[in-house]
Amino acid sequence: MTEPGASPDDPWVKVEYAYSDNSLDPDDEDSDYHHESYKESYKDRRRRAHTQAEQKRRDAIKRGYDDLQTIVPTCQQQDFSIGSQKLSKAIVLQKTIDYIQFLHKEKKKQEEEVSMLRKDVTALKIMKVNYEQIVKAHQDNPHEGEDQVSDQVKFNVFQGIMDSLFQSFNASISVASFQELSACVFSWIEEHCKPQTLREIVVGVLHQLKNQLY
């Protein structure tokens, strides 16, 4: 401690003042150093975490493109326009989109085929029932078919069926153009030529003919 009456110009007083100055405290310098070191370490950790996250994202995207090239058949085919070069991401995505659209079309086509097959199965079931009824009727009345039917009667049955079909055909068909005619014909066949519809027409004609004969 400075003695009373000591001159400020005394060298020992200057030294004492220097050591007593808080700005030169070694502990404060260590504290500032550790604080700066902590901040730099925190920034490094954040930068490292960000780099790792970005690398994981890139790896995940790469695996996704690799999986697409393995799954999509067109990505495995040789493209002579690019030679042996690796497919770009844009080409992989475009081939994937094209393949998905192809699968949608195939799915729709198969659904239409299944629908047509179901209609055919329904028609065959109806025909089966009709034939079973004919067989049963013949077994119940074995002598019923012994009487011969004249050609005129057969022609009348055929004419009655054709007249009934022509009425619906004439009412449904448009002849404004060949394209419209074609579309109407197919629509008419699907609507009026179903096995159940034809069966009803034939039964009606036979009943009508039977009433005329008897």
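The rules behind these values
Residues numbered from 1 in each chain as written. Predicted model: local features only at pLDDT ≥ 70, side-chain atom pairs only at ≥ 80, totals over all residues. Heavy atoms only, no water. Helix = DSSP H or I, 4+ residues; strand = E, 2+ residues; numbered from the N terminus. Buried < 20%, exposed > 50% of the residue type's maximum accessible area, 1.4 Å probe, protein only. Contact = heavy atoms within 4.5 Å. Areas by Shrake-Rupley, 256 points an atom, 1.4 Å probe, with all protein chains shown as cover. Salt bridge = Lys/Arg side-chain N within 4 Å of Asp/Glu carboxyl O. Expected span 1.5 Å × (residues − 1). UniProt positions renumbered as here; feature names shortened; annotations may be inferred.

Peer 1: Please give an account of the overall build of the chain that cites residues and values.
Peer 2: In terms of helices and strands, the chain carries seven helices and zero strands. Each helix and strand of the chain, placed in order from N terminus to C terminus, yields the pattern α-α-α-α-α-α-α. The 214 residues of the chain split such that 11% are buried. In the chain, once contacts between residues fewer than 6 apart in sequence are set aside, the share between residues at least 24 apart is 42%. As displayed, the chain offers around 18600 Å² of accessible surface, 57% of which is attributable to carbon and sulfur atoms.

Peer 1: Which residues make up the pattern of salt bridges, and what values go with them?
Peer 2: A complete count under the given rule lists six salt bridges for this structure. Here Arg58 and Glu54 are joined by a salt bridge, their closest N and O atoms 3.3 Å apart. Linking Arg58 with Glu54, this pair stays in helix 2 (residues 26-71), spanning four residues, or about one helical turn. The partly exposed category is assigned to Glu54, whose relative accessible area is 25%. Its salt-bridge partner being Lys107, residue Glu111 comes within 2.6 Å of it at the nearest N-O pair. With Glu111 and Lys107 both in helix 4 (residues 89-140), this residue pair falls four residues apart, about one helical turn. When its relative accessible area of 46% is taken as the criterion, Lys107 is described as partly exposed. Among the ionic contacts, a cluster of salt bridges with common partners joins Glu54, Arg57 and Arg58.

Peer 1: Tell me about helix 4, residues and numbers included.
Peer 2: With 52 residues, helix 4 should cover 76 Å at 1.5 Å per step; its first-to-last C-alpha distance of 76 Å lies within 8% of that length. Taken together, the buried positions of helix 4 are occupied by Val92, Lys95, Thr96, Ala123, Ile126 and Asn130.

Peer 1: With reference to specific residues and values, describe the UniProt feature "coiled-coil region" (unreviewed entry) in the chain.
Peer 2: Mapped onto this numbering, the UniProt entry annotates "coiled-coil region" (unreviewed entry) at residues 100-127. For residues 100-127, helix accounts for 100% and strand for 0%, while the C-alpha atoms at its two ends are 41 Å apart.

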